[in-house]
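# Close look at the chain arrangement
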Amino acid sequence: MSYDPLDKRTTGDESPREERFPRGLVIRLFAYLIAGHVIAGFLYLLFLVGGQNQ
């Protein structure tokens, strides 16, 4: 839902800044953060194991 400050149809009780993030966006953000950390941890493990072999 977009907010138009010039639109007079809104009541004074509702504030456009109090809208919540869409549920799909929150799930996707959480999944990307978890996946990013898992990949970073795997790369760290690869470098750690590779460094011990030298």
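Cut-offs and rules
Residues numbered from 1 in each chain as written. Predicted model: local features only at pLDDT ≥ 70, side-chain atom pairs only at ≥ 80, totals over all residues. Heavy atoms only, no water. Helix = DSSP H or I, 4+ residues; strand = E, 2+ residues; numbered from the N terminus. Buried < 20%, exposed > 50% of the residue type's maximum accessible area, 1.4 Å probe, protein only. Areas by Shrake-Rupley, 256 points an atom, 1.4 Å probe, with all protein chains shown as cover. UniProt positions renumbered as here; feature names shortened; annotations may be inferred. Patch = residues over 30% accessible without salt bridge, like charges linked within 9 Å, V, L, I, M, F, W, Y side chains within 5 Å. Salt bridge = Lys/Arg side-chain N within 4 Å of Asp/Glu carboxyl O.

- Per an unreviewed UniProt entry, the recorded name for the protein chain is DUF6126 family protein, and the organism is Streptomyces kurssanovii.

### As for the overall build of the protein chain
- Across its full length, the protein chain carries one helix and zero strands.
- Among the 54 residues that make up the protein chain, the fraction classed as buried is 0%.
- Per element, the accessible surface of the protein chain, about 5800 Å² overall, is 63% carbon and sulfur.

### Here we look at the UniProt feature "transmembrane region" (unreviewed entry) in the protein chain
- According to UniProt, the positions carrying the feature "transmembrane region" (unreviewed entry) are residues 25-47.
- Along residues 25-47 the backbone is 100% helical and 0% strand, and the end-to-end C-alpha distance reaches 33 Å.

### Quick look at a nonpolar patch on the surface
- Together, Ile39, Phe42, Leu43, Tyr44, Leu45, Leu46, Phe47, Leu48 and Val49 line one region of the surface with nonpolar side chains, adding up to about 950 Å² of accessible area.
- Position of Leu45 among the secondary structure elements: in helix H1 (residues 23-52).

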